Each structure stands twice: as structure tokens, then as C-alpha cells.
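A closer look at the structure
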Amino acid sequence: MTFALIDGNSFYCSCERLFQPKLERRPVIVLSNNDGCAVARTAEAKALGIKMGAPYFQIRDLCERERVAVFSSNYALYGDISRRMNEVYRTVSPNVEAYSIDETFLDLSGFDPSRHEEMARALRAQIRRWIGIPTCVGLGPTKVLAKVANKIAKGDPAMDGVCDLRDPVARKLFLADVPVADVWGVGPASTAKLLAINVRTAADLSAMDFRLAKSLLSVVGERIVMELSGVSCMPLESVPPTRKGLAVTRSFGERITTLDPMLEAVSTYAARAGEKLRRYALAAGYMTLFMHTSRFASTPSYSGSKGIEFSPATNDSRKLIAAAQSLARQVWREGFAFSKAGVMFDDLIPQGDVARGLFDAPDDVERNARLMTAIDQINQRWGRNAAIIGATGLRAAWTQKFQRRSPSFTTKLADLPSC
DNA sequence: TCTGGGGTCCTAGGACCC
DNA sequence: TCTGGGGTCCTAGGACCC
């Protein structure tokens, strides 16, 4: 087996640079929703000491002083660029797994092994030329090793964007320099356990007795050890598995202290979740609503949630909104400043499998589905919120802040770049 | 006083990912 | 003043069964 993992360098930042080439050498960061934290940083920004997840208010002065270009996140743009990159990958091989918005695994096993590295370099050059995004590629006999290889390529400019860990001898040397915390699947809790028994590097971990790994880190750890030692046990998933849950949750732009705006917010989230469900042709059998105060605030804290079953399962926004409002009234407590709320859906089934409710006339089911389709089409054509269902909110104080959003260069006609 | 030995299913919570 | 928004998988433990 040979896996390649290709991903965009500082992906969100690179997307922002695409249309503003003058940013090419400047530090760039992209903020999370609500302009909360730094979630993407270019090499120049990392060099300034800006950490992943750093709250923006803590680094604002630094950013101004160092002329860091700061952007609110623009997921419409990043999603569109991501889609184009995957189109290019698929011209190389149909055996492609789009793992995340900026990472894709390719299975190169069908090609001549002596050409794998050359293919990786060619693909990288092609993405740079056609789409403009700089990338790195990791090659390995397993997914975990391809991930490690990719990380090594990122950290060492001398590798020119490609690291090949297929050869076991070379691999041993490379892995000895990789901290165990940098291995895919090894988080803070596992790192602490491993360091406690003196397993410090990826090489140490790959040499670990896999029964010990299992007792310490469960089957997840066992799999990682096997993959690191070159035994593939994580197959390429070219068909995405059916999703199990779906959520719409948001922090508020301003704290919510009264019930009405809360009802408005959760109704809006429920409507958005309805759109998502219909886009995937799914219906939900269970809904959970939650709201909580800020975990950073010193004011009184409260966190509450409550669920409700839908029988039959539904994706009708009006039912979702009614349920969200009813749950929100039950969870609501006076006297708190809420910072976030959300709706989550489980027990998802294909829309076509929904049993008709006992009291629904056959025509109703059809009619309701047509109404939802119509709303979705209007919103798709005329923009989100062109058609809304009563009680969902639009420009309220609680909506999020995106003060530094770039234009939607590729997905909105009005934002098309001009010269 | 002594009080079996399995199964299965479900859920909550932890850990990890980007 | 200001701290994201999604997901998945695994395990432990309780409920329940015979």
C-alpha cells in the first residue's frame, strides 16, 4: 500500500491570500466564528508567536504592531477552494478520501512505486499552478505514516513539500525526531500516559508492544502502533459514511439575558439545521437543545439541556422550530447571561424511510415537503434569509460578529474580483 | 452468615480530530 | 469588554434479561 496525504499549508490563510497577492509575504491569520480565536496562521504569523486557538483580544495589539493581516472566517470561500482541489485529485485517481476541508488521502497503490514521489511533486505543482494554494504531501504505507510524513514535510523547507516514509530504514531515522504528541490520534491525555513510561518519540511508539499499547490506550492506541510500524489497518474511505448526527450551535455576538431573543436564536438555528437535514436528504428522530453561560465569566453560571423525540422522524423546519422553542422555554432560567446555545440532532434516517405519522393525511406529507423544498430553493437563489419562517431572527444583537470578513470572491457574483 | 454467571443494549462522558 | 463549531469513536457502567 501507498497512501499520500496532501493538504493546504495554512489553508484558510492561503485562501485569503489567493485574491490579495500583496499579502504573500505578510503574516496572515484567520479567526474563528464571532472573531473569537486564531484558527489559521501563516508561517510568518507563527514566527511572531501567535498560537493556535489564541483568543484574538489577547493578540490584537501584537497584530496591529506587526501589521498582521487579520480575517474573519469565510467558509463559503474555503469550501469552494477545497472542492476545486479535490476535483484535481480525482483526475489522478478515483481512490480519494476527502478527510477534512484541507486534507485528502490518495491511495497510490495502483501506480508504479518508483513513480510515487514524482507523482506527489507533480500534483503539488499542479495545485499551485491551477488553484494557487501551496501544499505539502506525505507518503507512507499507512495513513498514520502518511500523516507523519506530511508533518515532517511541513516543518522542513529543504524537503520541498514532499516527505516519503515508505522505506523502513529511512523511516526509523525520521520517526526518532518526531515527538509522540505529533502523531495523529495521540492527544494530550495519551501523551501524558506515554511520557510517564518514557515513550517520547514516534519511533518509541512504533516499537511499543501492541498489547501494552492496547491496555494503556485502548484499541485506538493499538491501531496507531501497528500503523506506525507499517501495518495498514485504516482503509481509505472513498465513500463518506452516512452521518450519525448534526448540530447547529453558536456563541452570541452579545450575551442574551431575556427569553425572547433566546427563542429567536434557537429558532434560527433549528431552521438552519432543517436546511442541512434536507440537503443530506435526512430526517431526525431526536433533538437536543442546550444553552449555557460563558465558562470564562465570573458571573453566575448555568448550563442546561433537554431533548425530545420526533416520531415520526422529521426535517420540517416548522416542527423543528416549534420543538426548539418549547425546549428552550423549559431549559431557560432567569437571571443569567447566556453566551451560547445550540440544537443537535441524532437518530438520523434517510428521508425516504420516514414512516408517515398516524394523523398525517397522505397529501400533507407531500405538501409539507414541497413547501420546504420551495423555501430552500428561494434561499439558494436569492441568498440565505430571503425566505424565512416566522420567529427566526436576522439582524439582532445576538448574531455573530464578522468584522474582518473578506469578500466571497468565488461564490457571490457581486464579489467577483475586478481589475 | 451464606446470595451465579453470563449475555445484550443503551447512555454518558472522555478523547481525539480539523 | 472580547475565548469557535463542528464531528467520530471508544469505554465503562447501569439496566435488564435468562
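First, a word on what this report is: a plain description of the structure on this page. (Residues numbered from 1 in each chain as written. Chains lettered and ligands numbered in written order. Predicted model: local features only at pLDDT ≥ 70, side-chain atom pairs only at ≥ 80, totals over all residues. Heavy atoms only, no water.)

This next bit is on the protein's contact with DNA strand C. Neighbouring DNA strand C are 23 residues, the closest being Asn33, Ala247, Thr249, Arg250 and Ser251. When atoms of DNA strand C within 4 Å of the protein are split into backbone and base, the sugar-phosphate part holds 72%. Within the backbone of Lys244, a nitrogen or oxygen atom sits 3.2 Å from a phosphate oxygen of DNA strand C. The contact in question runs from a phosphate oxygen of DNA strand C to an N or O atom on the side chain of Gln400, over 3.0 Å. Going through the elements one at a time, helix H10 (210–228) and strand E9 (246–256) are the ones with two or more residues in the surface near DNA strand C. For the surface near DNA strand C, the element with the most residues is E9, which contributes seven residues. (Near = heavy atom within 4 Å. Polar contact = N/O pair within 3.5 Å; in protein donor to acceptor, adjacent residues only side chain to side chain. Helix = DSSP H or I, 4+ residues; strand = E, 2+ residues; numbered from the N terminus.)

A few words now on the state of the cysteines. Following the criterion strictly, the structure yields zero disulfides and no others. Note on Cys63: no disulfide assigned, nearest cysteine sulfur contributed by Cys13 at a separation of 11 Å. On the basis of relative accessibility, which here comes to 2%, the residue Cys63 falls in the buried class. Sulfur of Cys136: no disulfide; nearest cysteine sulfur belongs to Cys163 and is 9.8 Å away. Since its relative accessible area comes to 5%, Cys136 is described here as buried. (Disulfide = S-S within 2.5 Å. Buried < 20%, exposed > 50% of the residue type's maximum accessible area, 1.4 Å probe, protein only.)

Here we take up the sheet that holds strand E2 (residues 28–31). Read from one edge of the open sheet, three strands run E3-E2-E4, paired in mixed fashion. Pairing within the sheet leaves two strands with one partner each, and these edge strands are strand E3 (38–41) and strand E4 (69–72). Neighbouring strand axes in the sheet, compared pairwise and without regard to direction, differ in orientation by 25° on average. Where E2 and E4 come together, four bridges link them in parallel fashion. From the neighbouring strand, Val30 faces E4, where its bridge partner is Phe71. The strands touched by helix H1 (residues 11–18) are E2, E3 and E4; relative to E2, the strand with the most contacts, the crossing angle is about 110°. (Pairing = 2+ DSSP bridges. Axes fitted to C-alpha atoms, helices over the stretch in contact; angles between N-to-C directions. Contact = heavy atoms within 4.5 Å.)

By themselves these figures say nothing about function.
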